[in-house]
Amino acid sequence: MKLIPFLTFLSLVTLAQAQTKPVAVPPPAAVVFESQVTSPSGSQAPGDQYIFFGANAKPGDKWGEDPAMNLVKLTDFNVSIVSAPLGNCQLMPPEANSPAGVKVIAPGGAPVVATGILGCNRSGDDKKYADLATFRITNPAVTSFSIWVLDSTVKLRANVNEGLAIRVNNCAPVAPCATVRTDFGCEFSKFTITGASVSDVFTVAVLSSDGNGNNRTIAGLTFSVIPDPTMVGKKFPIIEQQGWNDLNKNGKKDVYEDPSQPVEKRVEDLLKQMTLEEKLGQLNQLVSGDRKNDMALFPLMRRGEVSSYIWGRGVPADRNQFQRIAVQESRLGIPILFGMDIIHGASTLFPISLGLSCSFNPELFERAQTVAARETRAEGVEWVFAPMCDLARDPRWGRVAETCGEDPYLSSLCNAAQVRGFQGTNPAASDRVAACLKHYVGYSAVTGGRDYNDSEITQWTLRNVHLPSFYAGVKAGALTIMSSFNAIGGIPAVANHQTLTEILRDEWKFQGFVVSDWLAVEQLVNWGYAKNKADAAALAINAGNDMDMKSEAYVPNLAKEVKEGRVSQATVDEAVRRVLRVKFQVGLFERPYVDESAYKGAQKKPEDIALARECVTKSTVLLKNAGILPLSKELKKIALIGPVGDDHREILGCWTGRTSWSKPTLASALKEALPTDATLTVVKGCAINTVPTTKTLQDGRIVPDESVPPTDADCKIDDAVAAAKDADVVIMAVGETKGFTGENASRAFLTLTGNQQALFDAVAATGKPVVTIVFSGRPLALPEVWEKSAAVFYAWQPGGEAGSGLADLLVGNVAPSARLSMSVPRHVGQVPIYYNYYNTGRPGSGQYQDMKDMDAKFWFGYGLTYTTFAYSPVKIIPSANGKPAEAAVTITNTGKREGDEVPQLYIRQLVCHEGARPKQELRGFKRVKLQPGEKADVSFPLTGDVLGYIDRKGNPRADAGDYEIWIAPSAHAGTPAAFNFAPGDLK
Ligand code: BGC
């Protein structure tokens, strides 16, 4: 890659214009627009510069006041702002997802401080523009320039053909008119205008050409104008040499700069050139905010104090600009590692992990994360904070959505597959990223399902339930691990020497680095475990936590701790080694910059969309079918009722990567899939949740006012009932709002949110057959739904292709094949509930006095398809001729359609002196596709690996003795065969 010197400059543009719309504008003031320091792009011509109309600009802001930014003051900038009208946009009420206090350019140039969002309401109004700012080129030498849209404050609710446009002289947009397809605008970043003349007036405008009657909103916009040609500025050294980068700018190829040297030698060479301060800088991770806040970090980058950046902004050009500062302006040029939460997809959104794990198909995970890795790396992010290896035993905990379910064996396979998908065989490749196993460890066992709480976990349970999935990820080669928020036995995870050092490094020989979770180092003080930030930093690094996410506790404190001997130099060096090792392994020293031109081509290819659709069909679990599914072609009048039926957002899940708007919806996809003579009536019925009235407490906090009933403007249950009465079949799309899932989203009730239960009851009371699709990030306890529906699909949060995948299943283009990876309770009072419980001393006793049935409603492993299967009794084939014993069954397709069956191997060791073992443990599964009447023999080996456990010292172990063996369609189904594992079989 060619590295180009770039220039800096500043400009001060004063605007005075009349306001055209009555909006909440602060007192008129001259606005000082922001001009930027450096080009956002390495691929620009030398001398790039830009002015940036900051969403954060405020009266009085001046350019170039920060000498550390190397700004050169220009008094005569060659772009002049003519006006910055709001067009016919207006301030809208706050919206849940909109950043508070967004500032936009107001008419007259004064910034508007919007408490909510700026809405450009284009309802039913085709091909109209809302003008945001107008400017003109005053320097006749400038005939071409670019407009950069800096995404962090752009939030367009976009539909096809809408986005941002540059208009000239108030006419049609100059091509290309960027079409914004996501809220964060990451699919575009630049308009280039050529052939400009001083008589042209350019206008940046929001364009809507949808005409579907939807409101368009924009919640703040930052864009920049980059004029050519070169102006004055500072030049940076060219570091790129033939096949290597002169990162420390000393004119010679150091070992650490030499790609032909082994990683360990490069690490050592670099380490010995580093000062203590630079070393601590490599343990520091910061978070990108808006551009202006980020710019305040430039001095730290120059000092080598930013090792990693959580990069939420997307735009590769921006990312390169930041990298340029670290690489070209810091002494040793150590590149920044950009990290991001890409959990179930980036541009292509797959089902949440809990859903995808129901596919019982680790390979599908690998394929999905391969796509996510490519999309992410193309953006310039080389590290993702996934997979999540926590185990889901308590559905009250909002983060079960991010897990691969309740079972250690299934979760281990799914997480190892995700690591392979992210990293491939070479994490340095331009389509791969480093994975991060999180949250280490015990986070899912938080008391009462309350996020961030303590977890009481015994060594036995830690070793056999919570650790295996992390171990599988380590074995699969994961380069990094994130320590968790919880404490075990009073010791917060980020300071837990046993888990971070004794187990992870001493036992497992993990070579990568551990990053804390968000602010977890400084939160040691809140736990009451550390006295202050310095104490917290020392405790965390001494325990084995290498990188500090966001607390900024290491950099300012650890030098003193080292000098005073509380933290050894060796401890710091080892942590730095681990971080540098990963940076070398992902190829950052060779390719610090991302190819900006490759971004678009790497996103959401047709085959990615097809894969996402396949993932939906393979992760949606059919829980009940009284013969109504697949929908018969004879059903001519179909009503789709419920708030998720025509929804673009709720279906996406709690981590939406780079997408927050999905198309198609279930309604639009179903319309396509149904026979042409069928009619589909879509009725929302009610909102996904009610909106609480709020009150302000004395301390200023705004909280729900529980004395006032929450409201639901969409609640029109009568309309839904009328539609149901008129239909041959009703499809109900209901669930919980995605805001109730994910981090800090625990629930006390496992119910439908808002008025949906009332909606369901009223529709079910019509007597029409109801097919319910439940959309949720956790198992919900919905007795009426299970009982009164003719069929139930559990769709989880299926991601961007939810609509098309579900339509495939409903009409029978594809048969369901998923199995629950998490048990569904009858009632919240049962939780935590999981299939691998203990037999106890009094099996069958201990029921609740007010609920006798101890079973889950649907156990782990359960799921139906459009045909049926019969299992023969389990047969044990003894070991012979060096071959291990086997358990075998014959499975027959007894129905009328082809279908997939997922036979599952469960084991139970009847006596174990190390500690009692659970009543059942999954230790294998397969997938067989059978035609009607067809049979398949399925067998599993019964080796020590399959039957064993981890002893209290961390060693894998299997005991000779008596076992029960099931091969069954789900947990707690089927009849076991007895098996004696002979001492000779142990080998
Ligand atoms: C979450 C992590 C996430 C991190 C960075 C934390 O609050 O617990 O899962 O990776 O933030 O966004």
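Everything below is about the structure shown above.
Residues numbered from 1 in each chain as written. Predicted model: local features only at pLDDT ≥ 70, side-chain atom pairs only at ≥ 80, totals over all residues. Heavy atoms only, no water.

Participant: I keep staring at the pattern of salt bridges and nothing clicks. Help me out?
Facilitator: Where charged atoms from two side chains of opposite charge come close, those side chains can pair. Evaluation of the coordinates by the stated rule reveals 43 salt bridges. Taking the shortest distance from any N to any O, the salt bridge between Glu561 and Arg566 comes out at 3.4 Å. The exposure class assigned to Glu561 is buried, which follows from its relative accessible area of 7%. Between Glu736 and Arg778 there is a salt bridge; the shortest N-O distance is 2.7 Å. Here Glu736 is found in the loop between β34 (729-735) and α19 (756-764), whereas its partner Arg778 is found in the loop between β35 (770-775) and α20 (783-788), with 42 residues between them in sequence. (Salt bridge = Lys/Arg side-chain N within 4 Å of Asp/Glu carboxyl O. Buried < 20%, exposed > 50% of the residue type's maximum accessible area, 1.4 Å probe, protein only. Helix = DSSP H or I, 4+ residues; strand = E, 2+ residues; numbered from the N terminus.)

Participant: Looking at this structure, how should I read the site of the ligand?
Facilitator: In the region of the ligand, the neighbouring residues are Asp341, Phe385, Arg399, Lys438, His439, Met482, Phe485, Asp517, Trp518, Met549 and Glu743. Between the ligand and the protein, one listed contact pairs an oxygen atom with a side-chain N or O atom of Lys438 at 2.8 Å. Here the ligand, which alone exposes 310 Å², has 94% of that area covered by the protein. Partitioned by chemical class, the residues of the shell around the ligand number 5 nonpolar, 1 polar and 5 charged. (Near = heavy atom within 4 Å. Polar contact = N/O pair within 3.5 Å; in protein donor to acceptor, adjacent residues only side chain to side chain. Areas by Shrake-Rupley, 256 points an atom, 1.4 Å probe, with all protein chains shown as cover. Nonpolar A, V, L, I, M, F, W, Y, C, P; charged D, E, K, R; others polar.)

Participant: I tried to follow the sheet that holds strand β18 (residues 284-287) on my own but got confused; where do I start?
Facilitator: Pairing between the strands of a sheet is mediated by backbone hydrogen bonds and can be parallel or antiparallel. Within the open sheet, the 5 strands sit side by side as β21-β20-β19-β18-β28. Their pairing is parallel. Strands with a single pairing partner mark the edges of an open sheet, and in this sheet they are β21 (383-384) and β28 (548-549). When strand β19 (residues 308-310) meets strand β20 (residues 337-340), the two strands line up parallel, connected through 3 bridges. Residue Ile310 lies in a different strand from β20, and its bridge partner there is Gly339. (Pairing = 2+ DSSP bridges.)

Participant: Where do I start with the pairing of β35 in this structure?
Facilitator: Residues in a regular strand point their side chains to alternate faces of the sheet. Among the 6 residues that make up β35, 6 are buried, leaving the element largely enclosed by the rest of the structure. For β34 and β35, the ladder comprises 6 bridges, and the chain directions are parallel. Within the sheet, the bridge partner assigned to Val730 lies in β35 and is Val770. With α19 bridging β34 and its parallel neighbour β35, the resulting β-α-β unit is right-handed. (Right-handed = clockwise from strand over helix to strand, strands pointing away.)

Participant: Whenever I open this one, helix α1 (residues 263-273) confuses me. Can you help?
Facilitator: Buried within α1 are the following residues: Arg266, Val267, Asp269, Leu270 and Leu271. Looking at the buried positions of α1, the neighbouring elements they touch are α2 (276-281) and α15 (569-585). (Contact = heavy atoms within 4.5 Å.)

Participant: Would you take a moment to explain the environment of Gly800 for this structure?
Facilitator: Note that Gly800 resides in the loop between β36 (791-794) and α21 (802-811). Here Gly800 is in contact with Leu349, Leu652, Ser662, Lys663 and Pro664, once residues within four sequence places are set aside.

Participant: What exactly am I supposed to notice about the sheet that holds strand β22 (residues 436-440) here?
Facilitator: Read from one edge to the other, the open sheet built from 3 strands follows the order β22-β24-β27, with strand pairing classed as parallel. Because the sheet does not close on itself, it has two edges, and the strands there are β22 and β27 (513-515). Within this sheet the neighbouring strands show an average axis-to-axis angle of 25 degrees, counted without direction. Inspection of the sheet shows β22 paired to strand β24 (residues 480-483) by 3 bridges, in the parallel sense. Of the residues in β24, the one forming a bridge with Cys436 is Thr480. (Axes fitted to C-alpha atoms, helices over the stretch in contact; angles between N-to-C directions.)

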